[in-house]
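# Structural characterization, general
So you can see what is in the structure, the chains are spelled out below.
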There are 2 protein chains.
Amino acid sequence: MEKIKPRTLSGFMELLPAAQEQMERMMQILRETYALYGFYPLDTPVLEASDVLLAKGGGETEKQIYRFQKGDSDLSMRFDLTVPLAKYVALNYGQLAFPFRRYQIGKVYRGERAQRGRFREFYQADIDIIGDGQLDIINEAEIPSIIYKTFTRLGLNRFKIRLNNRKVLNGFFAMLGLDTQAGDVMRTIDKLEKIGADKVREILIDDCGTTSEQADEILKFITIEGNTSDILQALEGYRGKNEMLDCGLEELSTVVKYLESFGVPSDYFEIDLTIARGLDYYTGTVYETTMIDHPEIGSICSGGRYDNLAEYYTDKKLPGVGISIGLTRLFFVLQDKNYLNQNPPPAPADVLVLPMTEDITPAITLATRLREQGVRVQLHSEKKKFKAKITYADKLAIPYVIFVGEDEVKNDVVALKELATGEQTNTNFAHALTRIRQGLAARAAGKVILDSEL
Amino acid sequence: MEKIKPRTLSGFMELLPAAQEQMERMMQILRETYALYGFYPLDTPVLEASDVLLAKGGGETEKQIYRFQKGDSDLSMRFDLTVPLAKYVALNYGQLAFPFRRYQIGKVYRGERAQRGRFREFYQADIDIIGDGQLDIINEAEIPSIIYKTFTRLGLNRFKIRLNNRKVLNGFFAMLGLDTQAGDVMRTIDKLEKIGADKVREILIDDCGTTSEQADEILKFITIEGNTSDILQALEGYRGKNEMLDCGLEELSTVVKYLESFGVPSDYFEIDLTIARGLDYYTGTVYETTMIDHPEIGSICSGGRYDNLAEYYTDKKLPGVGISIGLTRLFFVLQDKNYLNQNPPPAPADVLVLPMTEDITPAITLATRLREQGVRVQLHSEKKKFKAKITYADKLAIPYVIFVGEDEVKNDVVALKELATGEQTNTNFAHALTRIRQGLAARAAGKVILDSEL
């Protein structure tokens, strides 16, 4: 038979088993952490009607959409989890209770130019809190605590959550009389870190049409430095000059004030007045999260407050706040920069049971008993040499092997071998189980990500 | 602004939050159960190159594929998880250790005619064990124990795992001289339950070209009745007449022999000689699982042994055994037939914390402390009436509410209200935590599915 060459599309992540085990563990931690904050899980289709998905229309995104006809239907694969959420909330408005908190971990699709570390199919892990008509500022203070908890539970320590408030920026621009250019100015200062102050100044004057005095004022403002209270202090100097700026300052102070009681150590966040988040729909607090040792990667978790989640579908005003982790890209980076904990290496089972009798009932019974105690067991019943089976356990990093031979059956003992030490013990079931559990507890103490202290 | 009517495509399941919570719990049980048997998690792309995905070609399936062009690429959405597995194993052969055990829970796509209970996007939950060149029969005996464990952990009790062996059938047909018609005969007897013996006899003679004696022999054979040992006993009567039949009988006896030590009670399985599984690639043990009270639903978990997983991609012989649960359809049926446990109703949080002070630091601190203890907490900080907040807790079925007012702060007490009883206690943190944990443990004792005993 002629063979088709097996291959996976470029830009589509497909992990080897051990790496997938780590990805799975990461996802499980995300699910558990989000649940801790009272978020519902949500699952929406990958395919939607194109007119629904592209209601907002235009933009860079639209070109990247996987869109096609099937019969009479014009279909598109989702490119984020926000639009499907907007559709869901508008569609089910009457059956939801607000604030509606949901998380969703799912694949999204963008036909971008393929390059290393860029994916066309990738997981996003999103949380959002949606209000009905209004949503309290406290929710904006809670979000950084979820970011903090999520990443530290994964094992990441050296990261910084950067906060800003769009009202502060918009108010400041209005104060300078730059209302109409606010969007362009915002997109420009967002690039400060990348292109530097001189270049930003140039673009502000040449492209955004500010005067050189305005450009200087803007640069002075966004480069206010110091710790959180220094910056808030400096911002107080602008109070009373613009209503929106005052409101943003109020919000920013409230968020900062409550962060500590939400459990976020002060080392883990900072105010960064350059953060604008390009997207127009953010209206309040905005977030970015950077790895301290890898700023070049950009933000690993971003989001913010918006006022109108579902304006394309409904007249209801649905303000919300949310963040998104680009999980596939994050995993790629962690793998690439050697952040994934390999000690112990991920294993698909805790114990490999090796039957060595003609009738293998005793080995099966033992495997069944161990599984009933929650131990993950593989039974290796293939007709292979003993050495090949040990190599198999080694290759899969299965920590324990139990041999079930005639002697063990006759004497009712469990022959337990720990592969890391080579130590073998003949003992009874209860003792073997205790030893295994102790070993597994020690192994489970390690986190998925291995990072230095902050 | 003109609004787009929000809608979800027909044939695409999108659950309300409480139902999604139950679906998520089911998936988590599947993941944990599969892990107990030493299966790796696996995740492959939803999109594949069409020539790779459709290597096998032809068949009913091909018409249903979501296939489209994007730039120069001819792409298809996966229609099952078996073809992607075959591709994965062929592609990564050198880096895998065999037997390779993987589970995958993922969405697949089939553009079927939309009708109630039929889905175009649906989850499959698959497990497979793949051997390199050979795979021991013991694996075929282990599979029913995974089916049994999975469904009973979900809470389903009244189901039956039905076993057969394709070698028994093929050997028997060969014995009758019906080698060439074996496929047609198999597909016909597969319909016995649906169309009855007379109709099967008619098709065998008219369409499959058997003599009426052969048709009688076939019907006599497949309607052998009794318990497992009765049937094996009756089959012994055919021994020695055909090598393949003998081999199949050996395998079937081995599977049955070991089922008990694998922990499957004899009530939960039976040999059913009518089960053939239409697909041609099954070569040994085949499985179906039926709900005793809803046979009309068909099999809720099926699969079997095959000899060549990846013959379209590689010359390596990769025999395997696997099963698949059509999770979306199963969930639909469970919901439709009222099998989902609503006592207690699913809730996104365990405790709703209600701040009732101006500075809400104490409420946030309490929420943070509870979360650190693993309690799922929502903080309700919206500016709404007290009654509206209690209604919110009721609507979301959150079992506990804690009020944090001036008095509670002053006296350092926790005001804990259990919504089911209306009972309110003022106590300290440690006691409140104990009460909550006891309540949650009682709630967690219930399974996702509520079913009578077998």
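Below is a short write-up of the structure. Quick caveat, the model's predicted, so the values are computed rather than measured. Residue indices begin from 1 for each chain and proceed along its sequence in written order. Here chains are named by letter from A upward and ligands by number from 1 upward, in the order in which they appear as written. Only residues with pLDDT of at least 70 get local features here, since the model is predicted, and only at 80 or more are side-chain atom pairs given and counted; chain-wide, interface and lining totals rely on the full set of residues. Hydrogens and water are ignored here; the side-chain numbers use all heavy atoms of the structure.

A few words on the overall build of chain A. Numbering goes from the N terminus for both helices and strands, where a helix is a DSSP run of H or I of at least four residues and a strand is a run of E of at least two. Along chain A, the regular secondary structure elements total 17 helices and 16 strands. Throughout, a contact is declared for two residues whenever any of their heavy atoms are within 4.5 Å. Long-range contacts, defined as pairs at least 24 residues apart, comprise 69% of the intrachain contacts of chain A with a sequence gap of at least 6. Each accessible area is a Shrake-Rupley result for a 1.4 Å probe, and residues are judged covered by the shown protein chains and nothing else. Split by element, the accessible area of chain A, about 18,300 Å² in all, is 47% carbon and sulfur. The distance from the centre of the 56 positive side-chain charges to the centre of the 65 negative ones in chain A is 7 Å. For this count, His and the chain ends are skipped, Lys and Arg are scored as positive, and Asp and Glu as negative. Positions of charges follow a simple convention, taking NZ of Lys, CZ of Arg, CG of Asp or CD of Glu.

Another point: the interface of chain A and chain B. Taken residue by residue, the interface counts 108 residues in chain A and 108 residues in chain B. Note on definitions: buried area is the accessible-area loss of two parts on being combined, 1.4 Å probe, summed for both. With both chains or domains summed, chain A and chain B bury close to 9,300 Å², and 57% of this area falls on carbon and sulfur atoms. The largest share of the area that chain A buries against chain B comes from Y40, D43 and R371 of chain A, three residues that together contribute 7% of it. For this document, the term salt bridge refers to a Lys or Arg side-chain nitrogen within 4 Å of an Asp or Glu carboxyl oxygen. Summed over the shared surface of chain A and chain B, the result is 16 salt bridges. In this structure, E14 of chain B and K87 of chain A form a salt bridge, with 2.8 Å as the shortest nitrogen-oxygen distance. By the criterion applied in these results, polar contacts are pairs of N or O atoms within 3.5 Å in which, for protein atoms, one can donate a hydrogen and the other can accept it, and in which residues neighboring in sequence qualify only through two side-chain atoms. For the pair chain A and chain B, the number of links is 48 residue pairs in polar contact (both at pLDDT 80 or more). Counting residues per element, the side of chain A that touches chain B draws most heavily on helix α1 (residues 17–36) of chain A, at 9 residues.

All names here are of chain A. Mapping F331 onto the fold places it in helix α13 (residues 327–336). Here F331 falls in the buried class, since its relative accessible area comes to 0%. As for F331 and L232, which are separated by 99 residues in sequence, their C-alpha atoms are 35 Å apart. Among all residues touching F331, those that are not within four sequence positions of it are M13, L15, A19, Q22, M23, M26 and L340. In this scheme, a residue with accessible area under 20% of its type's maximum is buried, one over 50% is exposed, and one in between is partly exposed, where area comes from a 1.4 Å probe on protein chains only.

Residue and element names in this part refer to chain B. Orientation of helix α6 (residues 166–175) relative to helix α7 (residues 182–189), taken along the N-to-C sense of each, is 120°, at an axis distance of 10 Å. Judged on the interaxial angle alone, α7 and α6 are oblique. The hand of the α6/α7 crossing is right-handed. Residue-level contacts link R166, L169, N170 and F173 of α6 to A182, V185, M186 and I189 of α7. Each residue is assigned to one of three groups, with Ala, Val, Leu, Ile, Met, Phe, Trp, Tyr, Cys and Pro labelled nonpolar, Asp, Glu, Lys and Arg labelled charged, and all others, Gly among them, labelled polar. The residue makeup of the contact of α6 with α7, split by class, is 6 nonpolar, 1 polar and 1 charged. For helices, the fitted axis covers only the stretch in contact; all axes are lines through C-alpha atoms, and the angles between them, taken along N-to-C directions, range from 0 to 180 degrees. Note on terminology: angles under 35 degrees are roughly parallel, angles over 145 are roughly antiparallel, angles of 65 to 115 are roughly perpendicular, and the others are oblique. Helix crossings get a hand from a simple test, with the near helix turned counterclockwise from the far one by less than a right angle marking a left-handed crossing and a clockwise turn marking a right-handed one.

A word on the relation of the copies chain A and chain B. Note on the identical chains: chain A maps onto chain B by a rotation of 180° and an axial translation of 0.0 Å, with an RMSD of 0.1 Å. What the superposition gives is, in effect, a two-fold axis relating one chain to the other. Rotation axis and chain A: the residue whose C-alpha lies nearest the axis is F68 of chain A, separated from it by 3.1 Å. When the interface residues of chain A are mapped onto chain B, 100% of them are again interface residues, pointing to one common binding face. When the copies are superposed, the least-squares fit draws on C-alpha atoms of residues that have pLDDT of at least 70 in both.

What follows concerns the side chain of R305 of chain A. Residues and elements named next belong to chain A. Here R305 is to be found in strand β10 (residues 302–306). Of note is the side chain of R305, whose polar atom sits 3.3 Å from the side chain of E140. Sequence-distant contacts of R305, defined by excluding residues within four places in its chain, comprise L135, E140, Y281, Y282, T283, G284, T285, P319, G320 and V321.

Residue and element names in this part refer to chain A. Pairing between strands is defined by DSSP: at least two bridges between them are needed. One open sheet holds the 5 strands; their spatial order is β13-β12-β14-β15-β16, and the pairing between them is mixed. Each having just a single partner strand, β13 (377–379) and β16 (424–427) make up the two edges of the open sheet. Looking at each pair of strands side by side, their axes are set apart by 25° on average, direction ignored. Across the face of the sheet, helix α14 (residues 361–372) comes into contact with β12 (351–355), β13, β14 (400–404) and β15 (414–418) while running at roughly 165° to β13.

Turning to the packing of α6 of chain B against helix α10 (residues 212–222) of chain B, a few remarks are in order. Residue and element names in this part refer to chain B. Packing of α6 against α10 leaves a shortest axis separation of 11 Å and a crossing angle of 155°. One way to sum up the angle between α6 and α10 is to call them roughly antiparallel. Judged by the twist between their axes, the crossing of α6 over α10 is right-handed. For the pair formed by α6 and α10, the contact residues are V168, L169, F172 and F173 on the first element and E217, I218, F221 and I222 on the second. Residues of the contact of α6 with α10, tallied by class, amount to 7 nonpolar, no polar and 1 charged.

What follows concerns the pairing of β16 of chain A. Pairing between β15 of chain A and β16 of chain A: 4 bridges, direction antiparallel. Counterpart to L416 of chain A in the pairing with β16 of chain A is T425 of chain A.

In this section: empty space enclosed by the protein. The probe, sized like a water molecule, is rolled over the atoms to show the empty space still left. We place a 1 Å grid over just the protein atoms. Points where a 1.4 Å probe fits but has no way out form a cavity, open points with protein on both sides within 12 Å along at least 5 of 7 lines form a pocket, and any residue with an atom within 4 Å of a point lines it. Grid points are joined across faces, edges and corners, and a volume is the space filled by probe spheres set on the points. Under the counting rule described, the total for this entry stands at 5 cavities of 30 Å³ or more. Quantified by volume, the largest cavity comes out at close to 570 Å³. In this structure, the largest cavity is lined by 31 residues; those nearest its centre are I105 and Y123 of chain A together with M27, I105 and Y123 of chain B. For the lining of the largest cavity, the leading source of residues is strand β5 (residues 100–109) of chain B, giving 6 residues. Residue classes in the lining of the largest cavity are distributed as 15 nonpolar, 6 polar and 10 charged.

A pair of Phe, Tyr and Trp rings is counted when the ring centres sit within 6.5 Å of each other, with Trp represented by its six-membered ring. The angle between the planes then sorts it: under 30 degrees is stacked, over 60 is edge-to-face, the rest tilted. The tally for this structure, following the rule as stated, stands at 37 aromatic pairs over all chains. Pairing F172 of chain A with Y238 of chain A gives two aromatic rings, centres 5.7 Å apart and planes at 85°, and the pair type is edge-to-face. Here the residue F172 of chain A occupies a position in helix α6 (residues 166–175), and Y238 of chain A occupies one in the loop between α11 (228–236) and α12 (243–259), the gap between them amounting to 66 residues. Each member of the pair, F172 of chain A together with Y238 of chain A, is buried. Since its relative accessible area comes to 9%, Y238 of chain A is described here as buried. Among the aromatic residues, those joined into a cluster by ring pairs are Y66, F68 and Y109 of chain A together with Y66, F68 and Y109 of chain B.

As a further point, take the pattern of salt bridges. Residue and element names in this part refer to chain A. In the structure shown here, the tally under the stated rule is 71 salt bridges over all chains. Close ionic contact of E21 with R376 constitutes a salt bridge, the shortest N to O distance being 3.6 Å. With E21 in helix α1 and R376 in the loop between α14 and β13, this residue pair connects regions lying 355 residues apart in the sequence. Here the two residues E21 and R376 agree in accessibility, since each one is buried.

Before going further, it helps to examine the pairing of strand β14 (residues 400–404) of chain B. All names here are of chain B. Most of β14 sits out of view: 5 of its 5 residues are buried. Here β14 shows a buried face lined by Y400, I402 and V404 and a second buried face lined by V401 and F403. As defined by bridge partners, strand β12 (residues 351–355) adjoins β14 across 5 bridges and the pair is classed as parallel. When the bridges of β14 are listed, V351 appears paired with Y400. Relative to strand β15 (residues 414–418), β14 is paired through 4 bridges, and the arrangement is antiparallel. Bridge assignment links I402 to a residue of β15, and that residue is L416.

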